[in-house]
Amino acid sequence: MAAFVRACGLSELEEDTPKRVELDGTPISVVRTDGEVFAIHDVCSHANVSLSEGEVEDCQIECWLHGSSFDLRTGKPSGLPATRPVPVYPVKIEGDDVLVSVTQES
């Protein structure tokens, strides 16, 4: 069963501005866009770069270094140079708390 932990407050998230948090040693970028909140692994699969420093547009987050974008829903890259997806994590909102599960279900 997925264990959800508090990542941040919903009120701390600005629209289309990624927020980097670390949960159980895992770097995560939490993004509020189009009325939804997403949690995606904060390290680009192409280079060891923080995705939370990139731009968010059309439900994608762009790696600022080489320009690959990743779908916030699936983690799949939309273009080169990245070819591997990055993990995405389940999100629940309870009041002002953004809860994220980084545990792998077995």
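Here the structure is a predicted model, which is why all the values come from computation and not from measurement. (Residues numbered from 1 in each chain as written. Predicted model: local features only at pLDDT ≥ 70, side-chain atom pairs only at ≥ 80, totals over all residues. Heavy atoms only, no water.)

## Here we look at the overall build of the chain
Then comes step 1: Assigned secondary structure in the chain consists of 0 helices and 10 strands.
Then comes step 2: Start at the N end of the chain and walk to the C end: the helices and strands fall as β-β-β-β-β-β-β-β-β-β.
Then comes step 3: Across its three principal directions, the C-alpha atoms of the chain cover 35 × 35 × 20 Å.
Then comes step 4: A total of 106 residues make up the chain; the buried ones form 45% of that total.
Then comes step 5: Put simply, of all contacts in the chain between residues at least 6 apart along the chain, 41% involve residues at least 24 apart.
Then comes step 6: As displayed, the chain has an accessible area near 5800 Å², and 45% of this comes from carbon and sulfur atoms. (Helix = DSSP H or I, 4+ residues; strand = E, 2+ residues; numbered from the N terminus. Buried < 20%, exposed > 50% of the residue type's maximum accessible area, 1.4 Å probe, protein only. Contact = heavy atoms within 4.5 Å. Areas by Shrake-Rupley, 256 points an atom, 1.4 Å probe, with all protein chains shown as cover.)

## A word on unusual backbone geometry
Then comes step 1: Between Leu80 and the following residue, Pro81, the backbone shows a cis peptide bond with an omega angle of 10°.
Then comes step 2: One non-glycine residue, Asp16, adopts positive backbone phi at about 60°.
Then comes step 3: Inspection of the secondary structure assignment puts Asp16 in the loop between strand S1 (4-9) and strand S2 (19-23).

## Here we look at the sheet that holds strand S7 (residues 69-71)
Then comes step 1: If you walk across this open sheet you meet the 3 strands as S5-S6-S7, and the pairing is antiparallel. Strands at the two margins of the open sheet, each flanked by one partner only, are strand S5 (56-57) and S7.
Then comes step 2: As judged from the 3 bridges shared by strand S6 (residues 60-62) and S7, these two strands associate in the antiparallel manner. Residue pairing in the sheet places Gln60 in a bridge with Asp71 of S7. (Pairing = 2+ DSSP bridges.)

## Here's the deal with the state of the cysteines
Then comes step 1: Tallied over the full model, the rule gives 0 disulfides.
Then comes step 2: Cys63 supplies the cysteine sulfur nearest to Cys44, a cysteine that is in no disulfide, at a spacing of 3.9 Å.
Then comes step 3: Residue class for Cys44 comes out buried when judged on its relative accessible area of 5%. (Disulfide = S-S within 2.5 Å.)

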